[in-house]
There are 4 protein chains.
Amino acid sequence: MIRFNNDYSRGAHPRILQALADTNAESYGGYGIDPWCEKAAAEIKKYLDCPDAEVHFLVGGTQANFTVIAAALRPYQSVISADSGHIHVHETGAVEHCGHKIQALPAADGKITAAQIAEEARLYAESDIPEHITQPKMVYLSFPTEYGTIYSKRELEEISAVCRQYEMYLFIDGARLGYGLGAEDADVTIQDIARLSDVFYCGGTKCGALCGEAVVLVNPELRSHFRSYIKQNGAMLAKGWLLGLQFYTLFQDGLYFEITRQADEYAMQIKRAFAAKGIPSYIESSTNQQFVVMENRLLERLSQKYVYEFEKKIDETHSCVRFCTSWYTTQAEVDELTADIMAL
Amino acid sequence: MIRFNNDYSRGAHPRILQALADTNAESYGGYGIDPWCEKAAAEIKKYLDCPDAEVHFLVGGTQANFTVIAAALRPYQSVISADSGHIHVHETGAVEHCGHKIQALPAADGKITAAQIAEEARLYAESDIPEHITQPKMVYLSFPTEYGTIYSKRELEEISAVCRQYEMYLFIDGARLGYGLGAEDADVTIQDIARLSDVFYCGGTKCGALCGEAVVLVNPELRSHFRSYIKQNGAMLAKGWLLGLQFYTLFQDGLYFEITRQADEYAMQIKRAFAAKGIPSYIESSTNQQFVVMENRLLERLSQKYVYEFEKKIDETHSCVRFCTSWYTTQAEVDELTADIMAL
Amino acid sequence: MIRFNNDYSRGAHPRILQALADTNAESYGGYGIDPWCEKAAAEIKKYLDCPDAEVHFLVGGTQANFTVIAAALRPYQSVISADSGHIHVHETGAVEHCGHKIQALPAADGKITAAQIAEEARLYAESDIPEHITQPKMVYLSFPTEYGTIYSKRELEEISAVCRQYEMYLFIDGARLGYGLGAEDADVTIQDIARLSDVFYCGGTKCGALCGEAVVLVNPELRSHFRSYIKQNGAMLAKGWLLGLQFYTLFQDGLYFEITRQADEYAMQIKRAFAAKGIPSYIESSTNQQFVVMENRLLERLSQKYVYEFEKKIDETHSCVRFCTSWYTTQAEVDELTADIMAL
Amino acid sequence: MIRFNNDYSRGAHPRILQALADTNAESYGGYGIDPWCEKAAAEIKKYLDCPDAEVHFLVGGTQANFTVIAAALRPYQSVISADSGHIHVHETGAVEHCGHKIQALPAADGKITAAQIAEEARLYAESDIPEHITQPKMVYLSFPTEYGTIYSKRELEEISAVCRQYEMYLFIDGARLGYGLGAEDADVTIQDIARLSDVFYCGGTKCGALCGEAVVLVNPELRSHFRSYIKQNGAMLAKGWLLGLQFYTLFQDGLYFEITRQADEYAMQIKRAFAAKGIPSYIESSTNQQFVVMENRLLERLSQKYVYEFEKKIDETHSCVRFCTSWYTTQAEVDELTADIMAL
């Protein structure tokens, strides 16, 4: 079986395993205070334009999300998200468990707009009973989204402008950041991400690492006692260098961007194959996640050789499913799949 | 100025003040363990059909809501509510502050349906990744709703059946319970409320008391250590008899039901006056809250003598506003208002 | 039975009930935005020296405690308290329920010292792993304490100085403030309380009101969105004027201070009677709570006519008990008790 | 520099790295549902006597602690711990952040006694105002403790008996479980740990793994929806097999017990060297952590070659420090240290 169901079903890029083996006999200080974390932060910051940003390495995405949100918000403040946002639908209420309301906005393609956000902010700003409602103080968005779609530079600039107008933080969940930046139609760079947001993270788990997310605190307001939040939320790895070493390996020569861009290219090959067979996309995506609507009997045939992810039933005979490439996907695997699609 | 803006803008029914004065020199045990609380509970239970129900007296509605929800749910469980539900839009995220997600369902008239609830419950029950989502374990609804509408007995029976099928608790917010039961088209009794729900409360604050909500725990599962939850959530009044005495006064001879039914009748007179003038309801309500859509220039004229509550802008020249009667509204006040409406 | 068990076993001072009756027909805006709350705040502030302080009226003490603490602290911050502090031992973990650790310090007489506090603050300030421990950011103390003892002006000045040195807030729980200020050996005034603390409250529940605590926010940092915290924590009374009216009545001509000082005098009469009989104090208190150690057989005799509060067993034949006077205690009741003590 | 400061300053046992390399090209289902987690659970359970226990793999210790506690306790319930317990002093208030009070008991050597626990439980059970205090529902202890000491089988049996008498859960933090079981004077086996507790964990981070703690849920009551708690608390690793594979490697042939027992032996050599030089232990420990009280001038000399952990100042010229062996410590390193101690 060839796995196209997600981008976290295989270990790590071989260079990461090699780095772990090469350094296994060395010893370090604990809890993220070590040379590898320091060097990894420096490498990531080379790509940015904010020399005083802080970079922290957390273990996973849900954890990164609620730790950042818990650190940013006061109890009466809420976070705006797309109704398909990961924090709203796939994290077991972790944000609410931390005490904060999510204001979910409708987002058919996974994206929310500056206008929607401005409307929420305005409702609070103009309320004559603000103490009865929560204050939207943060906007959470994923780049790319849970549907593989990406925001354009102009969209992000508009959202960022609204956030600054209403003094809200912009938090960009980059669990799949590489796949977003590597899309053929992306006009956003990682500098843009850092310039327009207050905090974001570069996902490691889905982009070549064993685990780990690199949280970049751009806005100085969010840096206060952030390590206390990391520890309190169980996100501080005793052997922190394991994360630093992985991110150093991924960023020191651009490997992170290269392997995710390659996965996007493979996804485009698969997308074209589906299109050629007249199998429609559920949502147009230019990144590594491809959602298509297929007849169940055709899916049945593909499922003999491939693992994909079932998303939802469309009607009695059709389903929406996800085919997902990854940093470990090979041209041979893609060739096999595209041939089998064409042969359906 | 005559206040029709809400039902909590005046003190208490005179018989309550009299009872307070009559008993002021007596002394009692504290924290709700006193004869008045005991007698009030007994009076309320006379109207019900569940002799082993527990009745607890809390101070206010928001407090009653989050205390009940905190007592009922485990951290991974959520509560289903109409998107216009008080807990979702007017309590500053108090439920989330207690750690729980609200699953808000669209409800144009403030009411949710058994079908909507069943769909949410089914999605969880059939999920192959239930640990990534919250479990809907409670359904919250208000009777009457925030828009003054009421559920029919059949609707409540259907909702209750779904709750029992999926082992969810049904929690009925009765902040305005009397106004709901007293509506001319209500086919629900307080016995029905108790029979069909797991927990509900009889609102005092809006129905004749200075303050206080009588929470009735029907389902034995919800009774465990409920007083601990009351205390932890700041809802245990040191002089608990103040609440017990008020509810005893309201329930011992049916005063509670009489004064709220009267307010509903006054609301119908106002509703008929608006209708006679061709001023449409925003939502059809048979209880003490009437929402109408009016021209701003007519509103301007009424605002010389009356206080009403602005709800929202409809268009450049129209607004939706609330006129609300109460246990303290008089026939003279209503006559004056209806005459002025007719004279618009 | 004459109740000396606590100071919250009877209704309200007659002038409060009269004020409620006199104004019952008036109507007001809700949620603490009304003329009585405004006037009460103004009256309280006349006693202080901080014209820009904010005064908010909450319903009860536990609620006031956790609302203030929730508003003041970030998630990684803790509050220092005596190990006998009300928040530590009698509020069902409400502060922890809000997410904050209490650092309890040993305090044999209910009082903590500036030196103890400084040591805790220093440990954090000098820690080389501060992210692994909580930051003490607030000091909570009660005036008078749970044992009826009071801090001297010098002690409070020293504590306040430590708090300012380490940028910690000083929060004074004044549930029995009047009884503390009215003690014959008190050298602290309410101006001192306001001058030396960042936030404190004047208790109403135990000092003549039906319910209510007047929270005074001295430090501007603590004022931000405080009404949002009140609402979120269920502490915002819909009919807020009920609290404002009571505090106006208590403070507009000094009734608050007069009735509590009187109760202290009665307590001194009782204290002298016990001393005359050789019945020792458990802790020396000059306020309305008197803790004595008595033979159980003597207690048995007093319990025929009086209600007192059992505190703890001292040995097989002795117990520590509390006799508590109150604003409603009369000279006749005290005469009867002292005579009976002398007759033991 | 040779590190004796802690047991988490080097990567993983070489066989773990080898296993990672050997399996890197394989692919798996995510979130802990994979063959390695299944096999690891089976291997661990071979050592136990409770075939229906559930084993879950979490990433770190703080996380394991608060996730277990959050899953076990209701909001009004608290956890008893030694005042030196890791959850009380080194986890940034994570347990309180989850809403629960820790009842800290004095424990000079890091251990609490059955008698202390019984007294707390009795106070609650006999309280006439239980709703004002938290219910101790769980006992947390570490084996070995933060001071390296271990409970005897008899002590654990007594504690377990008290827990069962009062219906409290016993939770054993085994972050260093191997070092505890491997001590020369240990009379406790891992079967005993499972038999006497309701939940415990086998620490991986400090015992040979890169990261990971294997939580064993013995008591069926604690198993309900535990995966939901793992996810909500950010403790569910997307690539869960990384944890399963490590624990499989450690447990399938007893490597876990062998390497930790070896570290204990090395610690005994160091202990004997200190004793021979008349350098006293701060606390007598038979496990891999040795706390000694030394003259600062001697420490200064050792610090030229060795890293140790400073614990606290004893007086102007003496300090308490920790020397800690680990699974990666070698006989050569120990020989060098003991020779240098003898040469002081």
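Computed from a predicted model, the values in this text were never measured in an experiment.

**Student:** I'm lost on the overall build of chain A in this one. Help?
**Tutor:** When its secondary structure is counted, chain A shows 14 helices and 13 strands. Here chain A has a C-alpha radius of gyration of 20 Å; the compact-globule value for 344 residues is 20 Å, and the two agree. Residue burial in chain A is summarised as follows: out of 344 residues, 66% are buried. Taking all contacts inside chain A whose residues are at least 6 apart in sequence as the whole, residues at least 24 apart take part in 73%.

**Student:** How should I be thinking about the relation of the copies chain D and chain A in this particular structure?
**Tutor:** In summary, the two copies of the chain are related to each other by a rotation about an axis coupled with a shift along it. Mapping chain D onto chain A leaves a residual RMSD of 0.0 Å; the transformation is a rotation of 180° accompanied by 0.0 Å of translation along its axis. Such a combination of rotation and displacement between the chain copies is what one expects of a two-fold axis. Both copies present the same face, since 100% of the interface residues in chain D are matched by interface residues at the equivalent positions in chain A.

**Student:** How should I be thinking about the interface of chain D and chain A in this particular structure?
**Tutor:** Each partner contributes residues to the interface: chain D has 44 residues there, and chain A has 44 residues. Of the roughly 3700 Å² buried at the junction of chain D and chain A (both faces included), carbon and sulfur atoms supply 55%. On the chain D side of the contact with chain A, Asn24(D), Gln232(D) and Lys239(D) bury the most area, a combined 18% of that side's loss. Where chain D packs against chain A, one counts 0 salt bridges. Inspection of the chain D/chain A interface yields 21 residue pairs in polar contact (both at pLDDT 80 or more). Broken down by secondary-structure element, the contributors of at least two residues to the side of chain D that touches chain A are α1 (14-23), α3 (61-72), α5 (94-97), α10 (226-232) and α11 (241-251) of chain D. The leading source of residues in the side of chain D that touches chain A is α1(D), at 4 residues.

**Student:** Sorry if this is basic, but what is going on with the interface of chain D and chain B here?
**Tutor:** Interfaces are often sized by the amount of accessible area the parts lose when they come together. Contacts between the two partners involve 21 residues from chain D and, on the opposite side, 21 residues from chain B. Together, the buried faces of chain D and chain B total about 1800 Å²; carbon and sulfur atoms form 49% of this surface. For the chain D face of the interface with chain B, the top three residues by lost area are Arg74(D), Tyr76(D) and Glu131(D), together amounting to 35%. Counting across the interface, chain D meets chain B through 2 salt bridges. Taking the shortest distance from any N to any O, the salt bridge between Glu131(D) and Arg227(B) comes out at 2.4 Å. Summed over the shared surface of chain D and chain B, the result is 6 residue pairs in polar contact (both at pLDDT 80 or more). Mapped by element, the contributors of at least two residues to the side of chain D that touches chain B are α3 and α10 of chain D. Among the residues forming the side of chain D that touches chain B, the class breakdown is 11 nonpolar, 6 polar and 4 charged.

**Student:** So what exactly am I meant to see when it comes to the packing of aromatic side chains here?
**Tutor:** By convention here, two paired aromatic rings are described through the distance between centres and the angle between planes. Inspection of every chain in the model, using the stated rule, returns 76 aromatic pairs over all chains. Ring plane angle 55° and centroid distance 6.4 Å describe the contact between Tyr147(A) and Tyr282(A), whose orientation is recorded as tilted. Remark: Tyr282(A) occurs in strand β9 (residues 281-283) and Tyr147(A) occurs in the loop between β5 (135-142) and α7 (153-165); sequence separation between them is 135 residues. Residue class for Tyr282(A) comes out partly exposed when judged on its relative accessible area of 30%. Consider the rings of Trp36(B) and Tyr248(B), whose centres lie 5.4 Å apart with planes at 55°: the pair is tilted. Taken as a pair, Trp36(B) in helix α2 (residues 35-46) and Tyr248(B) in helix α11 (residues 241-251) lie far apart in primary sequence, 212 residues in all.

**Student:** Which parts of the structure should I look at to understand the side chain of Lys101(A)?
**Tutor:** You can see Lys101(A) is positioned in the loop between α5 (94-97) and β4 (102-105). In this structure Lys101(A) comes out as buried when scored by relative accessible area, which is 6%. Here the side chain of Lys101(A) touches Glu96(B) through a polar contact of 2.6 Å, side chain to side chain. Setting aside chain neighbours within four positions, we find Lys101(A) in contact with Gln77(A), Ser78(A), Val79(A), Thr134(A), Ile87(B), His88(B), Glu96(B) and Ile102(B).

**Student:** Teacher, can you tell me more about the relation of the copies chain D and chain B here?
**Tutor:** The transform that puts chain D on chain B rotates by 180° and translates by 0.0 Å along the axis, for an RMSD of 0.0 Å. Same-surface contact between copies: 100% of interface residues of chain D are shared with the interface of chain B.

**Student:** Just checking my understanding: could you explain the nonpolar core for this structure?
**Tutor:** Buried together is how nonpolar side chains tend to be arranged in soluble globular proteins. Within the largest apolar cluster, 142 residues are counted, with the highest numbers of intra-cluster contacts made by Phe200(B) and Phe200(C). Excluding anything up to four places from it in sequence, Phe200(B) contacts Leu48(B), Phe171(B), Ile172(B), Leu177(B), Ile190(B), Ile193(B), Ala194(B), Ala214(B), Val215(B), Val216(B) and Val218(B). Listed in part, the 141 residues of the second largest apolar core include Ala19(A), Val139(A), Leu17(D) and Ala183(D).

**Student:** For this particular structure, what's the right way to read the packing of helix α12 (residues 255-276) of chain B against helix α14 (residues 331-342) of chain B?
**Tutor:** Two measures define how a pair of helices packs: the angle their axes make with one another and the distance between the axes. Residues and elements named next belong to chain B. Interaxial distance between α12 and α14 falls to 9 Å at its minimum, and their mutual angle equals 5°. Comparing the axis directions of α12 and α14 gives the class roughly parallel. Residues Tyr266, Gln269, Ile270, Ala273, Phe274 and Ala276 of α12 form the contact with α14, whose participating residues are Gln331, Val334, Asp335, Leu337, Thr338, Ile341 and Met342. Split by residue class, the contact of α12 with α14 holds 9 nonpolar, 3 polar and 1 charged.

**Student:** It is not clear to me how the sheet that holds strand β9 (residues 281-283) of chain C should be interpreted in this structure. Could you clarify?
**Tutor:** Across a sheet, paired strands are connected by hydrogen bonds in the backbone, their directions being either parallel or antiparallel. Residue and element names in this part refer to chain C. The sheet built from 4 strands is open, its strands ordered β9-β10-β13-β12 with antiparallel pairing. Edge positions in the sheet fall to β9 and β12 (309-313), since each has one partner strand and no second. In this sheet, neighbouring strand axes are inclined to one another by 35° on average, regardless of whether the strands run parallel or antiparallel. Relative to strand β10 (residues 289-295), β9 runs antiparallel, the two sharing 2 bridges.

**Student:** It is not clear to me how the domain arrangement of chain A should be interpreted in this structure. Could you clarify?
**Tutor:** All names here are of chain A. Under the domain assignment used here, chain A contains domain 1 (2-7 + 256-342) and domain 2 (14-254). Computed over C-alpha atoms, the centres of domain 1 and domain 2 are 27 Å apart. Tallying the contact residues gives 22 residues for domain 1 and 31 residues for domain 2. Summed over the shared surface of domain 1 and domain 2, the number is 1 salt bridge. Arg176 is the salt-bridge partner of Asp7, the closest N and O atoms lying 2.7 Å from each other. For the pair domain 1 and domain 2, the number of links is 12 residue pairs in polar contact (both at pLDDT 80 or more). At the level of secondary structure, the elements contributing two or more residues to the side of domain 1 that touches domain 2 comprise α12 (255-276), β9 and β10 (289-295).

The rules behind these values
Residues numbered from 1 in each chain as written. Chains lettered and ligands numbered in written order. Predicted model: local features only at pLDDT ≥ 70, side-chain atom pairs only at ≥ 80, totals over all residues. Heavy atoms only, no water. Helix = DSSP H or I, 4+ residues; strand = E, 2+ residues; numbered from the N terminus. Rg over C-alpha atoms; globule rule 2.2 N^0.38 Å. Buried < 20%, exposed > 50% of the residue type's maximum accessible area, 1.4 Å probe, protein only. Contact = heavy atoms within 4.5 Å. Least-squares fit on C-alpha atoms with pLDDT ≥ 70 in both. Buried area = accessible area lost by both parts, 1.4 Å probe. Salt bridge = Lys/Arg side-chain N within 4 Å of Asp/Glu carboxyl O. Polar contact = N/O pair within 3.5 Å; in protein donor to acceptor, adjacent residues only side chain to side chain. Nonpolar A, V, L, I, M, F, W, Y, C, P; charged D, E, K, R; others polar. Phe/Tyr/Trp six-rings, centres within 6.5 Å; stacked < 30°, edge-to-face > 60°. Core = buried A, V, L, I, M, F, W, Y, C linked by side-chain atoms within 4.5 Å. Axes fitted to C-alpha atoms, helices over the stretch in contact; angles between N-to-C directions. Parallel < 35°, antiparallel > 145°, perpendicular 65-115°, else oblique. Pairing = 2+ DSSP bridges. Domains from an automatic or database assignment.

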